[in-house]
Amino acid sequence: MVTQNRNPARLKGIWRGKDQGRVRRLGEYLFVAPAVVFIVLLMIYPLIYNLYLSVRDVNVGTFLSGNAPFVGLQNYEQVLGDPTFRHSLLISFVFTGASLLFQFIIGFALALFFHRPFPGNGVMRSLLLLGWLLPLVVSASVWKWLLDGDYGVVNYLLQSLGLVHGRQYWLTNPDTALGGVIGANIWLGIPFNAVLLLAGLQGISESLYEAAKVDGAGGWQRFRYITLPQMRPVSLTVLLLGFVYTFKVFDVIFIMTGGGPATATTTLPILTYNQTFQFFTFGTGAATATLLLIISLTLSVAYLLLIRREEAT
Amino acid sequence: MSGEGHAGERQFSRRDFLKLATTGVAGVGLMGTAGCGGEGSSSQSNGKVKLQWWDYWSIPSQVKGQKALLKRYMKTHPAVTAIDTQYVPFANMDQKLLQGAIAGKVPDIAQIDDASQQSLAATGLCADITDQIKSWGQVNEFLKAPWEICRLNGKYYGVPWTSNCLVLWYDKDALKKAGVKPPKDWGELKEAARKLTTSKRSGLALSAIHSEEGTFQWLPFLWQSGADIPNIDSPGGRAALQLWVDMFRDGSISHGALNWTQPDVAEQFIHRRTAMMINGPWEIPSVKEGAPDLNWGVALLPKGKQRASIYGGENLMITTGSKYPGTDWDLIRWIKEPENDKFFQKLTGNLPSRKSELSEDYWQKDPVRSVFAQQLLVAKPRAYGPKYAQISNVIQDAMQSAITGQNSVAVALSQAQKEITPLLPEPMRKK
C-alpha cells in the first residue's frame, strides 16, 4: 500500500480493469490478517508445539538440550495406563457434571426471575454479575475461608441451625473436599448461565405466549411447551461453553485444595500442571493436555452436529 | 577487606577465567567466555559489566538486605556498573527460568530454592562450577548439608546463600499454665500437645499441606525415626507417620493443618490458636510484629531415635547462558566471604552456613538464634536427585491419605515405597 501511494501513475493503473478486483481482495485479506496472525501465533503454534512435546520423551534432562528422543505414542500409553490419570478423569467428570447441572438449573431459575419486570430489577441484575467479575483468586480464597474447619462461616451457620455437630473440615476431608470445590465453582458459574439464559428468554417472541393464553394454556404448560423448546439452542450453547470452561478449571481448585487431600480433588488440569511444572515431565504433561483437549473437542463437534440437525428441522 | 587481598582476588578470578576458557567447562559457558574474552578482561579494568539477577525476596528486610549487599559489592568493584535485580515470585522461579532458557533470556545469576537445585541442574540450566569451587577450596569450612544439595553426579552447580531449618516454637505462658515443659522427645511431644489442647486452641500447629511445604515439615520426623526416604516403608517410617496421625486423631493438631502453608501456621501461633508450632526462622519478623506481647521461645525439635531437622535455604546459581560467568563467580565468591556474608545474614535474619560464623556470639548467645544455629547442625538436605519433586508429591499423598483415614499408615507407606523407589537415583535405591 505504501509503495502505491508513492507512485501516483501506478496507482491510477491499478484502479483500472482486473487489478481493481485484486486490490479490493487484498484489502479484504488485510482485514482478516490480524485475526489469522493472532490465531496462528497464540493458538495454532502452542497447539502444535504441545503435540510435538507429547510424542517425545521430554524431561528435565532433554528439555533445554532440545534432543528429546521421539517415542511415538509411548507417553499416551503411559498416561492412559496410569491409575492416577483414570482417577483424575473421573474426578474431572464428576466436577464438571455436578457444576454444570446446578449452575444451569439455578441460572435458569434466576433468568426466569429476572425476566419479569419488578422494581430494582436492573440494579439486582448488575449486582448478580459482580460475582462473575471478581478475580478468581479473590473468590476462591474467600470460599476457602468460608469453608474453613476452625473459623469458617459455613460451619458457624450450620452449627447454629443444629445441622452439624462439631467441626467439619470441608476442604481437608476427602469425603467433602470435592463437594466443597464444586460448591464454590457452582457459585462462580451461576451469573454466566443466568445472563446468557436471560438473553435467550428475551429473544422469545411475546406473541407465542399471547396465542397460548388465548388457547387457554396455563403457566406450567406455557413453560413446558413454549419456553423450554424455544430455549433449546441457547441452552445447548450455554451447556457446551460451560463444559469447555469447567472441564479446564484450574485456579479454583488449585487455590482451595491444591488437588488434595491426597488426590481427592486432583482433576486433569491439576494433574497436567503437576506433571509439567512440578515434576518437569513435559512429555507426559503434554500428552495429558492433549487428551484433555480431545475430550473438549469431541464435545464441541458433537455440539456442532446437534446444532446443524436443529437448524435442518 | 584489605585492598591487597582484593587485588589478589582479581588475579585469581582472571586465572579462573582463562581456565574456564581453556578447559571448556560446560559448552555454553565456554561460548560465553570466548564471546566476551575481551569484554570480560576489560570488565576487570575499565569496561562495563551489567549483570542480570533474579531473586524472590519479598520480605522488606530481605529486599533491603540484598540491595545493600549488592551496593557494597559495586562500590569495591567499579567494573560492575549495574546489577539489575528482578523479582520473580518464589512459586514461579523454576518455571520462569525454564521458559527464559527456551527464549534465550536468562539472568546471569539467579536465586533458587535449594530443593530445586538438583532438578534445575539436570536441565542443563546451571553452569558447572566444579573447577571454580575446587580452586576456591573453602567448601570444608561450611556445614556439609548445604553443599550436598549443590552437587549432582559429583559436580557443583550452585552455592548455598542463606540457610534455615525447622524448630519447635512454643507459647511460654500457655505451657506454664498447663504445667508443661517444652517436649524433648516424641512421647513428651504427644503428651504436651494433648495437654495444651483446649476448645479454643490446639496443642500443636504444623503444615501438612499438599505441597512441598507439607513434605518439608514431615521429613524431620522421618529422619528422627532413623529411617530415610529410600526406606520410607520401614518401622521407622511407619512410626513417624503414625505420630502425626495420632496427634491429628486426638485433636492436638487441627485438621485445618492439611491446608495450611507455613505462613498460615505462623498466623495460628500469632493469634494464640496454638500453643506450639513447627516453623523456620523466616517467621521471626512476622511473629514479633504480629504478636509483640506474645511470650514465646524456641526449642530443638523433639527427638525420636535421634535428633534431626530439615535443611532449607537459598542457593545462588550461574546460568549456562550468562554472558559474564567470570564476573558472576567473582561476585558469588565475594558474597560468601565471611564479612559480607555476616553483613547480609544479619540484615535479613537468615542463618549462615560457614562454621566459623555460626560459632560467633551473635548466633551462639542469643536465646532464639542459638537454638536455630544448634538445630542447623543436624539438619538434613533434600538431596534425592532430579526427581525429588515427584518423590515429594508421593509423600504428600501418603501423608494426607493416612491423616484423613483413607489408608492405614502401613498401606499408605507401602504404596509410596513402590512409587518412590524408581524415582530415586540408582545408588540410593534399596530393595
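Everything quoted here is computed from the prediction, not taken from an experiment.

Trainee: Hey, could you go over the overall build of chain B for me, with residue numbers and the actual values?
Mentor: Looking only at helices and strands, chain B features 21 helices and 12 strands. Across the 431 residues in chain B, those meeting the buried criterion constitute 58%. Contacts in chain B between residues at least 24 apart in sequence constitute 77% of all its contacts with a sequence separation of at least 6.

Trainee: Quick rundown of the domain arrangement of chain A? Include the residues and the values.
Mentor: Domain assignment breaks chain A into domain 1 (2-41) and domain 2 (74-312). Look at where the C-alpha atoms of domain 1 of chain A and domain 2 of chain A centre, and you get two points 46 Å apart.

Trainee: Quick one: what's the story with the interface of chain A and chain B, residue by residue and with numbers?
Mentor: In this assembly, 26 residues from chain A lie in contact with 29 residues from chain B. On the chain A side of the interface with chain B, the three residues burying the most area are L64, A262 and F279 of chain A, jointly 24% of the side's total. Inspection of the chain A/chain B interface yields zero salt bridges. Connecting chain A to chain B are eight residue pairs in polar contact (both at pLDDT 80 or more).

Trainee: Tell me what's going on with the side chain of D55 of chain B, and back it up with residues and numbers.
Mentor: Residues and elements named next belong to chain B. Here D55 lies in strand 1 (residues 49-55). Buried within the structure, D55 lacks any salt-bridge partner; K67 is the closest side chain of opposite charge, at an N-O distance of 10 Å. A distance of 2.9 Å separates the side chain of D55 from the side chain of Q66, its partner in a polar contact. Residues within four places of D55 in sequence aside, it is in contact with Q66, T85, Q86, Y87, V88, M93 and Q111.

Trainee: Which residues make up the domain arrangement of chain B, and what values do they have?
Mentor: All names here are of chain B. Here chain B is described as being made up of domain 1 (3-164 + 312-380) and domain 2 (165-310 + 387-428). Contacts between domain 1 and domain 2 engage 16 residues on the former and 22 residues on the latter. Summing the contributions of domain 1 and of domain 2, the shared interface buries around 1600 Å²; its carbon and sulfur component is 72%. Area buried by domain 1 at its contact with domain 2 is led by F372, Q375 and K380, which between them contribute 41% of it. Applying the counting criterion to the domain 1 and domain 2 interface returns one salt bridge. The closest approach of N and O atoms between D228 and K380, which form a salt bridge, is 3.9 Å. Across the contact surface, domain 1 and domain 2 share three residue pairs in polar contact (both at pLDDT 80 or more). Taken together, the elements giving at least two residues each to the side of domain 1 that touches domain 2 come down to helix 19 (369-376) and strand 12 (379-380). Ranked by residues supplied to the side of domain 1 that touches domain 2, first place goes to helix 19 with five residues.

Trainee: Outline the pairing of strand 3 (residues 109-113) of chain B, listing residues and values.
Mentor: Residues and elements named next belong to chain B. Counting buried positions over the five residues of strand 3 gives five, a clear majority of the element. Burial along strand 3 is two-sided: I109, Q111 and D113 and A110 and I112, pointing in opposite directions, are all buried. The pairing of strand 1 with strand 3 spans two bridges and is classified as parallel. Among the inter-strand pairings, W53 is bridged to a residue of strand 3, identified as I109. Sheet analysis places strand 3 next to strand 11 (residues 309-318), joined by five bridges and oriented antiparallel. Directly across from D113, in strand 11, lies its bridge partner E314.

Trainee: Tell me what's going on with the pattern of salt bridges, and back it up with residues and numbers.
Mentor: All names here are of chain B. Per the stated rule, a full pass over the model turns up 17 salt bridges over all chains. One salt bridge in this structure joins R382 and E212, with 2.8 Å as the shortest N-O distance. On the criterion of sequence distance, the pair formed by R382 in the loop between strand 12 and helix 20 (388-403) and E212 in helix 11 (residues 212-224) is long-range, its members being 170 residues apart.

Trainee: Could you give an account of unusual backbone geometry, naming the residues involved and the relevant values?
Mentor: Residues and elements named next belong to chain A. The amide bond that connects G260 to the next residue, P261, takes the cis arrangement and shows omega of -5°. Positive phi, normally seen in glycine, also occurs at F280, with a value near 60°. When you line up the elements, F280 lands in the loop between helix 15 (268-278) and helix 16 (282-312).

Trainee: An account of the packing of aromatic side chains is requested, with residue identities and associated values reported.
Mentor: Here the distance between the centres and the angle between the planes together describe a pair of aromatic rings. Residue and element names in this part refer to chain A. Evaluated as defined, the whole model comprises 38 aromatic pairs over all chains. Between F254 and Y273, the ring centres sit 5.1 Å apart and the planes meet at 65°, which makes this aromatic pair edge-to-face. With a gap of 19 residues between them, F254 in helix 14 (residues 251-256) and Y273 in helix 15 connect regions that are remote in the sequence. Given the relative accessible area of 35%, F254 is considered partly exposed.

Trainee: I'd like a description of the sheet that holds strand 9 (residues 274-279) of chain B, backed by residues and values.
Mentor: All names here are of chain B. Across the sheet, which stays open at both edges, the four strands sit in the order 8-9-7-10 with mixed pairing between neighbours. For this open sheet the edge positions go to strand 8 (202-205) and strand 10 (296-299), each flanked by a neighbour on one side alone. Averaged over all pairs of adjacent strands, the angle between their axes in this sheet comes to 20°, without regard to strand direction. Where strand 8 lies against strand 9, three bridges are found, and the strand directions are parallel. Counted as the bridge partner of A205 is M277 from strand 9.

Trainee: Before we move on, could you go through the confidence of the model for chain A and cite the residues and values that matter?
Mentor: All names here are of chain A. Looking at chain A as a whole, its pLDDT mean stands at 88, while 94% of the residues score no less than 70. Within chain A, helix 6 (residues 83-115) carries the highest mean pLDDT (95), whereas helix 1 (residues 2-6) carries the lowest (46). A low-confidence stretch, residues 1-5 (pLDDT under 50), is modelled with three contacts involving residues beyond four sequence positions or located in other chains.

Conventions we followed
Residues numbered from 1 in each chain as written. Chains lettered and ligands numbered in written order. Predicted model: local features only at pLDDT ≥ 70, side-chain atom pairs only at ≥ 80, totals over all residues. Heavy atoms only, no water. Helix = DSSP H or I, 4+ residues; strand = E, 2+ residues; numbered from the N terminus. Buried < 20%, exposed > 50% of the residue type's maximum accessible area, 1.4 Å probe, protein only. Contact = heavy atoms within 4.5 Å. Domains from an automatic or database assignment. Buried area = accessible area lost by both parts, 1.4 Å probe. Salt bridge = Lys/Arg side-chain N within 4 Å of Asp/Glu carboxyl O. Polar contact = N/O pair within 3.5 Å; in protein donor to acceptor, adjacent residues only side chain to side chain. Lys, Arg positive; Asp, Glu negative; His and termini not counted. Pairing = 2+ DSSP bridges. Phe/Tyr/Trp six-rings, centres within 6.5 Å; stacked < 30°, edge-to-face > 60°. Axes fitted to C-alpha atoms, helices over the stretch in contact; angles between N-to-C directions. pLDDT = per-residue confidence, 0-100.

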